[in-house]
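# An overview of the molecular structure
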Amino acid sequence: SQQGEEDPQALSIQEGENATMNCSYKTSINNLQWYRQNSGRGLVHLILIRSNEREKHSGRLRVTLDTSKKSSSLLITASRAADTASYFCATGGNNRLAFGKGNQVVVIP
Amino acid sequence: EAGVAQSPRYKIIEKRQSVAFWCNPISGHATLYWYQQILGQGPKLLIQFQNNGVVDDSQLPKDRFSAERLKGVDSTLKIQPAKLEDSAVYLCASSFLGDEDTQYFGPGTRLTVL
């Protein structure tokens, strides 16, 4: 079954704005990861945050993890047209990943 | 470094026909995964191999789906016979043994069943 559930499902923003996506999960995890998927292409790993971490940065990405609420957020700052994609969270544990349904983000130039 | 290779990239078949997908993982990756991604959803794990052994196939519809990784490297996923609801992107991923949280994905095969 799908572990994560992202919210909102679709987001349309202007270039330069920030985009925030949320993910909730139900069971205990070792880590939580975010992936990007461009149309017609495979998944690209963006960032991983471990269960004992609360916040992590990578370039224009910032991910937070709240294990007490079983939720995570992904912030993309200063969005670009090239950020247009679907974004998935995936929870890691027991040597496997469980993916959420994904967020469609459209960045308008 | 070469990534995960998959072929074909696209396949269109009629229901009740058979189809096979091929995956070549990153060199040295002992763990290989097949995922099914239906339009609008996240990937769902179908089967996980460790070398040539199956670790998890609990979500594989075994009445019609089969997969093998005979020599512990390349893998094939077969559907026989295909149903309309099998239309999806089939993603292959691989990882180092013991680092299954870090998976590298191939471009996928988009299957359309008419």
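Residues numbered from 1 in each chain as written. Chains lettered and ligands numbered in written order. Predicted model: local features only at pLDDT ≥ 70, side-chain atom pairs only at ≥ 80, totals over all residues. Heavy atoms only, no water.

## A look at the overall build of chain A
Helix and strand counts for chain A come out as zero helices and 11 strands. Helices and strands in chain A line up, N terminus first, as β-β-β-β-β-β-β-β-β-β-β. Relative to the 2.2 N^0.38 estimate, which gives 13 Å for 109 residues, the radius of gyration of chain A is 13 Å and therefore close to what a compact globule would have. With the C-alpha coordinates of chain A rotated into their principal frame, the extents come out at 40 × 25 × 20 Å. The buried share of chain A, taken over its 109 residues, is 45%. A separation of at least 24 residues holds for 53% of the contacts in chain A among residues at least 6 apart in sequence. Split by element, the accessible area of chain A, about 5,300 Å² in all, is 44% carbon and sulfur. In chain A, which carries 13 positive and 9 negative side-chain charges, the distance between the mean positions of the two groups comes to 7 Å. (Helix = DSSP H or I, 4+ residues; strand = E, 2+ residues; numbered from the N terminus. Rg over C-alpha atoms; globule rule 2.2 N^0.38 Å. Buried < 20%, exposed > 50% of the residue type's maximum accessible area, 1.4 Å probe, protein only. Contact = heavy atoms within 4.5 Å. Areas by Shrake-Rupley, 256 points an atom, 1.4 Å probe, with all protein chains shown as cover. Lys, Arg positive; Asp, Glu negative; His and termini not counted. Charge placed at Lys NZ, Arg CZ, Asp CG, Glu CD.)

## Quick word on the interface of chain B and chain A
Contacts between the two partners involve 21 residues from chain B, matched on the other side by 21 residues from chain A. Summed over both sides, the interface between chain B and chain A buries roughly 1,500 Å², with carbon and sulfur atoms accounting for 43% of that surface. Three residues stand out in chain B for area buried against chain A, namely Pro43(B), Asp101(B) and Phe105(B), and they jointly supply 35% of the buried area on that side. At the boundary of chain B with chain A, the tally comes to one salt bridge. Arg96(A) is paired through a salt bridge with Asp56(B); the nearest N and O atoms lie 3.2 Å apart. Among the elements of the structure, β4 (31-37) and β5 (44-50) of chain B are those that each provide at least two residues to the side of chain B that touches chain A. (Buried area = accessible area lost by both parts, 1.4 Å probe. Salt bridge = Lys/Arg side-chain N within 4 Å of Asp/Glu carboxyl O.)

## A short note on the pairing of strand β8 (residues 75-79) of chain B
Residue and element names in this part refer to chain B. Burial along β8 is one-sided: the face carrying Ser75, Leu77 and Ile79 is buried and the face carrying Thr76 and Lys78 is not. Taken together, the four bridges between strand β7 (residues 65-68) and β8 define a ladder with antiparallel strand orientation. Paired with Glu68 across the strands is Thr76, a residue of β8. Here β7 folds back onto β8, and the loop between the two strands holds six residues, one of which, Gly72, carries a positive phi near 75°. (Pairing = 2+ DSSP bridges.)

## Description of the environment of Lys71(B)
Considering the arrangement of structural elements, one finds Lys71(B) in the loop between β7 and β8. Overall, the relative accessible area of 80% leaves Lys71(B) in the exposed class.

## Re the sheet that holds β7(B)
All names here are of chain B. Here we have four strands laid out as an open sheet, ordered β1-β3-β8-β7, and antiparallel in their pairing. Where the open sheet ends on each side, the last strands, each with one partner, are β1 (5-7) and β7. Strand after strand, the sheet turns through a mean of 15° between neighbouring axes, direction not considered. (Axes fitted to C-alpha atoms, helices over the stretch in contact; angles between N-to-C directions.)

## Remarks on the packing of aromatic side chains
Both the distance between ring centres and the angle between the ring planes are used here to describe each pair of aromatic rings. Scanning the model with the defined rule gives eight aromatic pairs over all chains in all. Here the aromatic rings of Phe99(A) and Phe105(B) are separated by 5.9 Å at their centres, their planes lie at 80°, and the arrangement is edge-to-face. Separated into two different chains, Phe99(A) in strand β10 (residues 96-99) and Phe105(B) in strand β10 (residues 104-105) make up a pair that spans both. Across the pair, Phe105(B) and Phe99(A) agree in class, each one buried. Both rings, one in Phe65(B) and one in Tyr90(B), keep their centres 6.4 Å apart while their planes meet at 40°; by these two values the pair is tilted. Highlighted residues: Phe65(B) in strand β7 and Tyr90(B) in strand β9 (residues 88-95), separated in sequence by 25 residues. (Phe/Tyr/Trp six-rings, centres within 6.5 Å; stacked < 30°, edge-to-face > 60°.)

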